[in-house]
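Letter by letter, the chains look like this.
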Amino acid sequence: MRSLLGSGSLQVRVSGVTGDTWQHAMTNAIEEARAALDHDDVPIGAVLLDDSGAIVARDHNRREERGDATAHAEMLVLSDRSRQLDDWRLVGHTLVVTLEPCPMCAMAAVWARVDRIVFGASDLKAGAAWSLFNIPQDERLNHRVELVGGVSEQACKDLIASFFAERRTERP
């Protein structure tokens, strides 16, 4: 696990939250990711934690199921919690996701004012929280999001890699 702030990697202590909190939340996000396989979607799962560390929303990619390019796990949990609270501001919340968010999801987290994003595997092709871009910490924006990467990284990588390996073997 690594905390990502600015241009370097640092250890950051988050009051009231431990690495065990991230592990427990990521285990739940991985369970959600596996549920995406039931409808042949990319296995990415997300959970949203409130300021006490309790899971208040959970979902997985549903792009294939809904025929909606925006039905990413992150978007679904942010929307769900906003509806629960009848408020788009999710201050005090932590987004936990199995794969580093794409540009759409990273920006949605900024707009929602979440406190932090915790992700499992980096996404070297489309990652917008650290790998290709760092949208959540862009100083030109009016809100910045703390980043923690590498939680259950290998399990998250393996889930996605096996999904795409299986797809490659199915091609004629």
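Summary of the structure given here. What you see is a predicted model, and the numbers here were worked out from it, not measured in a lab.

**Section: the overall build of the protein chain**
For step 1, the next point in the chain: In terms of regular secondary structure, the protein chain is built from five helices and seven strands.
For step 2, the next point in the chain: Mapped from its N terminus to its C terminus, the protein chain presents α and β elements in the order β-β-α-β-β-α-α-β-α-β-β-α.
For step 3, the next point in the chain: Across the protein chain, every contact between residues at least 6 apart in sequence was considered, and the portion connecting residues at least 24 apart equals 59%.
For step 4, the next point in the chain: Counting only carbon and sulfur atoms, one obtains 49% of the accessible surface of the protein chain, whose full area is about 8700 Å².

**Side note on the environment of Thr-70**
For step 1, the next point in the chain: If you trace the backbone, Thr-70 turns up in the loop between helix H2 (63-66) and helix H3 (73-85).
For step 2, the next point in the chain: A sequence separation of 35 residues divides Thr-70 from Cys-105, and the C-alpha atoms of the two residues are 8.9 Å apart.
For step 3, the next point in the chain: Of the polar contacts made by the side chain of Thr-70, one reaches the side chain of Asp-68; its length is 2.7 Å.

**Examining the packing of aromatic side chains**
For step 1, the next point in the chain: In the structure shown here, the tally under the stated rule is one aromatic pair.
For step 2, the next point in the chain: When the centroid spacing of 5.0 Å and the interplanar angle of 85 degrees are considered together, the rings of Phe-163 and Phe-164 count as edge-to-face.

**Focus on the pairing of strand S3 (residues 45-49)**
For step 1, the next point in the chain: Most of S3 is tucked away, with five of its five residues classed as buried.
For step 2, the next point in the chain: Burial along S3 is two-sided: the residues Gly-45, Val-47 and Leu-49 and Ala-46 and Leu-48 are all buried.
For step 3, the next point in the chain: In the sheet, S3 pairs with strand S4 (residues 55-60) via five bridges, with the strands oriented antiparallel. By the bridge assignment, Leu-49 is partnered in S4 with Ile-55.

Calculation rules
Residues numbered from 1 in each chain as written. Predicted model: local features only at pLDDT ≥ 70, side-chain atom pairs only at ≥ 80, totals over all residues. Heavy atoms only, no water. Helix = DSSP H or I, 4+ residues; strand = E, 2+ residues; numbered from the N terminus. Contact = heavy atoms within 4.5 Å. Areas by Shrake-Rupley, 256 points an atom, 1.4 Å probe, with all protein chains shown as cover. Polar contact = N/O pair within 3.5 Å; in protein donor to acceptor, adjacent residues only side chain to side chain. Phe/Tyr/Trp six-rings, centres within 6.5 Å; stacked < 30°, edge-to-face > 60°. Buried < 20%, exposed > 50% of the residue type's maximum accessible area, 1.4 Å probe, protein only. Pairing = 2+ DSSP bridges.

The values are spatial; any link to function lies outside them.
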